[in-house]
Amino acid sequence: MTLDPRLVGRRVSVRVPATTANLGPGFDTLGLALSVYDELEVTAAAQPGAHVEVHGVGEGAVETDESNLVVRSIAHVFERAGVELPGLRLVAHNAIPHGRGMGSSGAAIVGGVMAARGLLDGIVDLDEDALLARATELEGHPDNVAPALFGGLTIAWMGERGPQHKRLTVHRGVSPLVCVPEASTMSTAMARTLQPEQVPHSDAIFNVSRSALLIAALIQSPELLHTATEDRLHQSYRAAAMPETDALIQVLRRAGFAAVVSGAGPSILVLCADPGERLRAAELVEKHRATPWSLHMLAVDVLGATVVTHPAQ
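Keep in mind that what you see is a predicted model, and the values were worked out from it rather than measured. (Residues numbered from 1 in each chain as written. Predicted model: local features only at pLDDT ≥ 70, side-chain atom pairs only at ≥ 80, totals over all residues. Heavy atoms only, no water.)

**Q** Describe in detail the pattern of salt bridges, supporting the description with residues and values.
**A** Counting across every chain of the model gives ten salt bridges. We note a salt bridge from E41 to R11, for which the minimum N-O separation is 3.2 Å. Taken as a pair, E41 in strand β2 (residues 30–45) and R11 in strand β1 (residues 11–21) lie far apart in primary sequence, 30 residues in all. In this structure, R289 engages E286 in a salt bridge whose closest nitrogen and oxygen atoms are separated by 2.6 Å. Among the residues examined, E286 registers a relative accessible area of 43% and is labelled partly exposed. Counted as one network, the salt bridges with shared partners bring together R80, R134 and E137. (Salt bridge = Lys/Arg side-chain N within 4 Å of Asp/Glu carboxyl O. Helix = DSSP H or I, 4+ residues; strand = E, 2+ residues; numbered from the N terminus. Buried < 20%, exposed > 50% of the residue type's maximum accessible area, 1.4 Å probe, protein only.)

**Q** How would you summarise unusual backbone geometry if you had to cite specific residues and measurements?
**A** Across the junction of G265 and P266, the peptide omega takes the value 5 degrees, indicating a cis bond. Mapped onto the elements of the fold, P266 is located in the loop between β8 (258–261) and β9 (268–272). The residue L23 is not glycine, and still its phi comes out positive at about 55 degrees. Examined against the element boundaries, L23 turns out to sit in the loop between β1 and β2. Accessibility expressed as a relative area gives 0% for L23, which makes it buried. The phi dihedral of D28 is positive, around 60 degrees, even though this residue is not glycine. Locating D28 in the fold gives a position in the loop between β1 and β2.

**Q** Could you give an account of helix α2 (residues 104–119), naming the residues involved and the relevant values?
**A** For α2, spanning 16 residues, the distance from its first C-alpha to its last is 22 Å, which sits close to the expected 22 Å at 1.5 Å a residue. Within α2, 14 of the 16 residues are buried, leaving the element largely enclosed by the surrounding structure. (Expected span 1.5 Å × (residues − 1).)

**Q** Summarise the packing of aromatic side chains; cite the residues concerned and give the values.
**A** Aromatic ring pairs are described here by two measures, namely the spacing of the ring centres and the angle between the planes. Considering all chains together, one arrives at zero aromatic pairs under this definition. Over the aromatic face of Y37 sits the side chain of R15, whose NZ or CZ is 3.6 Å from the ring centroid. One residue, R210, lies across the ring of F206, its end atom 3.9 Å from the ring centre. (Phe/Tyr/Trp six-rings, centres within 6.5 Å; stacked < 30°, edge-to-face > 60°. Lys NZ or Arg CZ within 6 Å of the ring centre and 35° of its normal.)

Just distances and angles here, no functional claims.
In structure tokens, the structure reads:
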């Protein structure tokens, strides 16, 4: 392959939201986009190789060469499209916490996939199915990358045609609060090792009912969120690895708040029915937290990832 001359000098700007997956009972299926963003600027060059600058979260720790996850994601899309990869200059301004259950790796992957889409504009067409497929190939499952790509509340599943999704609009009263521990992190891979291969039949039925109810609560009836976020499939098995998270969730749930582990944790997502309830939840967290936590009153992101392509200079 030879480098397409249309790529050289082309620049794209990408914005990707944080996400929270599972939402209690919707393990590996439900995800929600949140109003915290990583922003990327990628420029294609004639000379091969990658140069990466990282500002904000991950500065000094994230890889700054071809092993960077955003760069690897761009390269993956180009390879699957059969197009020669140009040299890449990436400038990342990151705000999504790493290792906290807010979809940072999914956001990096989606950022790379969207950057590739912008760079390939007019060369290769990448529709929604292709974007989700490429992102899922890299992430391994679609529950985080689907809301990062498309925004809102997403139901994601694997079908005969690969990963699929349905995007839903969240009730305007729903007010997310994310509580992020400042000192602890959790690996998604590690969290998955804590779960059993099989669960009781009654627990499976319990989660099916709560997942169905959660959809209704999020799009139509927020007053049902507390019951709808009950879970028996994953959170109890992971609790011992995140004792501070589990303790704070129990405090919140006993007080009537719909608190769950955000993704693999250790952050906590509280799905409140209105902004006033969210303020009360935040006050309770401030009163009962034993170690430093940062509290984020967020909106549901409705746009998902965006990309703007700038012509070559």
